[in-house]
Amino acid sequence: MLCLSDNTIQSIFCCCCSVQKRQVRTQMNLENDGDSSEEYTWHPKQLSYVSAHKNRSNRVCVQPSQRKPLPPLPQGEDHGEKIRVMALYDFLPRESCNLALKRAEEYLILEKYNPHWWKARDQTGKEGLIPSNYVTEYKLTNLEIYEWYHKNVTRNQAEDLLRQESKEGAFIVRDSRCLGAYTISVYSRMRRNDEVPIKHYQIKSHDSGQCYVSERYLFPSIPELIEYHQHNAGGLITRLRYPVGSMGNCLPATAGFSYEKWEIDQSELTFIKEVGKGQFGVVHLGKWRSHVLVAIKAINEGTMSEDDFIEEAKVMMKLSHSRLVQLYGVCIQQKPLYIVTEFMENGSLLHYLRERQGRLRRGMLLSMCQDVCEGMEYLERNSFIHRDLAARNCLVSATCIVKISDFGMTRYVLDDEYISSSGAMFPVKWSAPEVFHFNKYSSKSDVWSFGILMWEVFTEGKMPFAKESNLQVVEAISKGFRLYRPYLAPMTVYEVMYSCWHEKPEGRPTFAELTQVLTDIAETG
Ligand code: ADP
Ligand code: MG
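These numbers come from a predicted model, not from an experiment. (Residues numbered from 1 in each chain as written. Chains lettered and ligands numbered in written order. Predicted model: local features only at pLDDT ≥ 70, side-chain atom pairs only at ≥ 80, totals over all residues. Heavy atoms only, no water.)

Draft legend 1. Just the UniProt feature "binding site: ATP" (unreviewed entry) in the protein, in detail. Following the UniProt record, the feature "binding site: ATP" (unreviewed entry) maps to Lys297 here. Here lysine 297 shows up in strand E17 (residues 292–299). Residue classification places lysine 297 among the partly exposed residues on the basis of a relative accessible area of 22%. Filtering out sequence-adjacent residues up to four positions away, lysine 297 remains in contact with Val282, Val283, Leu337, Tyr338, Ile339 and Asp406. (UniProt positions renumbered as here; feature names shortened; annotations may be inferred. Helix = DSSP H or I, 4+ residues; strand = E, 2+ residues; numbered from the N terminus. Buried < 20%, exposed > 50% of the residue type's maximum accessible area, 1.4 Å probe, protein only. Contact = heavy atoms within 4.5 Å.)

Draft legend 2. A look at the coordination of the magnesium ion (ligand 2). Around the magnesium ion (ligand 2), the protein contributes the donor atoms Asn393 (OD1) and Asp406 (OD), at 2.1 Å from the metal centre. Of this pair, asparagine 393 sits in the loop between helix H5 (362–381) and strand E20 (394–396) while aspartate 406 sits in the loop between strand E21 (402–404) and helix H6 (416–419), and the two are 13 residues apart along the sequence. For aspartate 406, a relative accessible area of 22% translates into the label partly exposed. (Donors = N, O, S within 2.8 Å, 3.2 Å for Na, K, Ca; no water.)

Draft legend 3. Highlighting the sheet that holds strand E15 (residues 269–277). Across the sheet, five strands lie side by side as E15-E16-E17-E19-E18; this open sheet has antiparallel pairing. Because the sheet does not close on itself, it has two edges, and the strands there are E15 and strand E18 (327–331). Averaged over all pairs of adjacent strands, the angle between strand axes in this sheet comes to 30 degrees, irrespective of strand direction. As paired strands, E15 and strand E16 (residues 282–288) are joined by seven bridges and run antiparallel to one another. Considered in E16, the bridge of threonine 270 is made with lysine 287. (Pairing = 2+ DSSP bridges. Axes fitted to C-alpha atoms, helices over the stretch in contact; angles between N-to-C directions.)

Draft legend 4. Helix H10 (residues 491–499), seen in detail. Within H10, seven of the nine residues are buried, which leaves the element mostly enclosed by the surrounding structure. Listing the buried residues of H10 in full gives Val493, Tyr494, Glu495, Val496, Met497, Tyr498 and Ser499.

Draft legend 5. Representation of helix H2 (residues 222–231) within the structure. Burial analysis of H2 places seven of its 10 residues in the buried class, which makes it a mostly covered element. Burial in H2 covers these residues: Ile222, Pro223, Glu224, Leu225, Ile226, His229 and Gln230.

Draft legend 6. Region of interest: the state of the cysteines. Within this structure, the stated rule accounts for zero disulfides. There is no disulfide at cysteine 394, and the cysteine sulfur nearest it, in cysteine 369, is 9.7 Å away. (Disulfide = S-S within 2.5 Å.)

Draft legend 7. Expanded view of the pattern of salt bridges. Here the structure, examined in full by the defined rule, presents 24 salt bridges. Put simply, arginine 155 and glutamate 523 hold a salt bridge, and the shortest N to O gap is 3.6 Å. Here arginine 155, found in helix H1 (residues 155–165), pairs with glutamate 523, found in helix H11 (residues 511–524); they are 368 residues apart in sequence, far enough to count as distant. The shortest N-O distance in the salt bridge between arginine 289 and glutamate 268 comes to 3.1 Å. Of this pair, arginine 289 sits in the loop between E16 and E17 while glutamate 268 is found in the loop between strand E14 (242–243) and E15, placing the two residues 21 residues apart along the sequence. On the accessibility criterion, arginine 289 (26% relative accessible area) is partly exposed. (Salt bridge = Lys/Arg side-chain N within 4 Å of Asp/Glu carboxyl O.)

Draft legend 8. The arrangement of the pairing of E18 in detail. Summarising burial for E18: five of the five residues are buried, a large majority. With four bridges connecting them, E18 and strand E19 (residues 337–342) associate as antiparallel partners. From the neighbouring strand, leucine 327 faces E19, where its bridge partner is threonine 341. The antiparallel hairpin formed by E18 and E19 contains five residues in its connecting segment.

Draft legend 9. Quick peek at the nonpolar core. In terms of nonpolar packing, the biggest core is built from 78 residues, with Phe309, Met368, Phe450, Phe458 and Trp501 touching the most fellow members. When residues in this core are grouped by element, the largest group, 10 residues, is from H5. Among residues more than four places away in sequence, those in contact with phenylalanine 450 are Cys369, Val372, Cys373, Leu389, Cys500, Phe511, Leu514 and Leu518. In this structure, Val85, Leu101, Ile130 and Ala255 belong to the second largest nonpolar core, which totals 40 residues. (Core = buried A, V, L, I, M, F, W, Y, C linked by side-chain atoms within 4.5 Å.)

Draft legend 10. Quick look at the site of ligand 1. Ligand 1 sits among 17 residues. The nearest are Gln279, Lys297, Glu342, Met344 and Asp406. At 3.3 Å from a nitrogen atom of ligand 1 is found a side-chain nitrogen or oxygen belonging to threonine 341. Within the complex, 85% of the 540 Å² of free accessible area of ligand 1 lies under protein. Looking at the shell around ligand 1, the elements with two or more residues in it are E15, E17 and E19. Here the element with the most residues in the shell around ligand 1 is E15; it accounts for three residues. When the residues that make up the shell around ligand 1 are grouped by side-chain class, the tally is seven nonpolar, six polar and four charged. (Near = heavy atom within 4 Å. Polar contact = N/O pair within 3.5 Å; in protein donor to acceptor, adjacent residues only side chain to side chain. Areas by Shrake-Rupley, 256 points an atom, 1.4 Å probe, with all protein chains shown as cover. Nonpolar A, V, L, I, M, F, W, Y, C, P; charged D, E, K, R; others polar.)

Draft legend 11. The arrangement of unusual backbone geometry in detail. With an omega dihedral of -5 degrees, the bond running from lysine 335 to proline 336 counts as a cis peptide bond. Mapped onto the elements, proline 336 comes out in the loop between E18 and E19. For serine 383, which is not glycine, the phi dihedral falls at a positive 50 degrees. Tracing the backbone shows serine 383 in the loop between H5 and E20.

Draft legend 12. Structural context of the packing of H5 against helix H8 (residues 443–458). The interhelical angle for the contact between H5 and H8, taken along N-to-C directions, is 165 degrees, at an axis separation of 10 Å. By the angle between their directions, the pair H5 and H8 is classed as roughly antiparallel. For the element pair H5 and H8, the recorded crossing hand is right-handed. Two secondary-structure elements touch here, H5 through Arg362, Leu365, Leu366, Met368, Cys369, Val372, Cys373, Met376 and Glu380 and H8 through Ser443, Asp446, Phe450, Leu453, Met454, Val457 and Phe458. Class assignment for the residues of the contact of H5 with H8 results in 12 nonpolar, one polar and three charged. (Parallel < 35°, antiparallel > 145°, perpendicular 65-115°, else oblique. Left-handed = near helix turned anticlockwise from the far one by under 90°.)

Draft legend 13. Structural context of the sheet that holds strand E5 (residues 106–112). Spatial strand order, E7-E6-E5-E4-E8: five strands in an open sheet with antiparallel pairing. Two strands close off the open sheet at either side, each with one partner strand: strand E7 (127–131) and strand E8 (135–137). Taken pair by pair, the neighbouring strands of this sheet meet at an average axis angle of 45 degrees, ignoring direction. Bridge count for strand E6 (residues 117–121) against E7 is five bridges, and the pairing is antiparallel. Across the sheet, the residue bridging to arginine 121 is glutamate 127, located in E7.

Draft legend 14. A look at the environment of arginine 381. Of note, arginine 381 is situated in helix H5. Its relative accessible area of 18% is what places arginine 381 among the buried residues. Considered as a pair, arginine 381 and phenylalanine 511 are 130 residues apart in the sequence and their alpha carbons are 9.0 Å apart.

The following block contains the structure:
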């Protein structure tokens with residue numbers, strides 16, 4: 001079923017409402033752009049945070065006052081600008097140039113080779129390259145060093161996490177929908193039976209610059225506020241009893257297995273089982289050096305322009321984000337060529353949705369859209385166009401985080417049925433008008449596809465325009481028809497997907513804007 005709309009953004013109408021354009025703040029948040037110029041100051045007496053470290057969690061619990069100081073640096077070396085970091089995860093060296101990391105230990109960053117691989121020195125003076133996403137700057141004001149802090153968690157993911165824990169006073173602190181603000185999410189059964197047993201408290205800023213949850217208790221910093229409320233409810237529904245560590249136990253993917261290492265040795269791969277079949281060939285679950293789980297995509301001969309892809313792979317490996325399926329490298333010594341990526345335990349998003357029809361809560365559906373939107377915001381910021389965004393090209397991790405896959409890959413497909421807009425396999429139903437008419441791709445054409453992906457998510461995996469042929473869809477879209485509102489999608493959510501389907505690219509929001517709007521919806525319900 002289709003619903004008719006006027007064709008211009010100023011007056012887009014769906015069945016019963018007009019779409020309001022929201023004022024949204026554009027969030028530019030460059031990865032690994034930590035402010036390294038700020039001087040490190042350490043006041044051991046200032047705070048003492050003691051929290052029980054949980055084995056199952058990778059988040060580190062810190063007791064800054066117990067840290068061993070770093071050894072003195074060799075004479076004559078200027079270490080005034082070197083950054084002290086703390087490891088968030090263990091890292092096993094993979095090449096002789098790597099340095100091992102041990103969770104909760106301190107290191108000094110000597111040089112940033114690129115945004116993803118940094119040269120570091122450990123406390124014994126050993127030096128080597130480490131993945132930058134395994135460490136965080138060690139200063140007491142950096143929330144990442146605390147076990148209770150979760151940087152990238154939506155309201156719904158926070159609720160799921162705390163529900164799994166189901167312990168009175170279990171809590172986390174997460175980024176709030178307002179840039180630079182934070183929210184405490186806490187589990188308590190003291191709420192009425194019909195209420196969700198989780199409360200969210202925004203940490204507010206007082207005119208004096210101090211922060212608070214309850215205005216009667218003001219603190220100079222968030223760690224101090226949390227420490228206070230760990231011992232006293234102080235206006236909260238319960239005191240903050242149990243910090244809950246990061247979701248799952250998975251180590252984050254690194255941008256390639258080591259610095260500038262894009263070629264993978266076939267003898268280091270083992271095949272475990274077949275997990276799928278795509279347009280290029282079979283996909284296997286496998287292991288690299290018998291300890292890193294990977295997906296190995298075999299590329300059947302004649303399906304891909306391989307040399308072009310290999311060149312591009314070197315660039316694509318440098319795209320690294322928690323909501324993108326990481327490309328680890330390629331194996332080119334033999335035919336077929338293998339593409340090696342992060343393995344995603346729960347398979348394709350489309351399959352995941354269809355398998356769980358009727359069982360996924362709306363909040364979870366929204367969370368999935370937020371994951372994809374965040375990953376797309378990163379691609380947009382890096383001027384990288386996906387060109388084939390759809391639920392079939394997203395994958396779901398063991399902890400049910402959705403990540404974007406196959407970005408940019410259509411450029412290397414050789415089959416005309418896929419690449420010509422009149423070809424039977426061309427994804428017309430996900431394509432913006434300027435794509436099916438003029439082959440004009442941009443981040444804004446990705447935004448159109450994102451709107452269709454949202455529709456797929458909120459219909460739990462339905463085929464868009466199921467009854468129409470590609471040609472009929474082109475005609476309908478050109479006349480202003482758009483997809484109907486899925487019944488699981490509240491009007492606020494439908495407005496977002498609808499805003500992605502503006503006829504003109506410039507009338508569509510950016511991914512940065514969409515991220516903000518979706519966060520607002522998730523927070524306010
Ligand atoms: P194509 O080359 O056609 O895009 P896909 O990437 O969609 O092929 O892979 C086909 C199937 O293989 C997917 O639907 C999924 O089930 C499985 N698969 C692909 N990549 C991964 C991965 N990284 N982790 C787990 N399963 C994967
Ligand atoms: Mg695919």
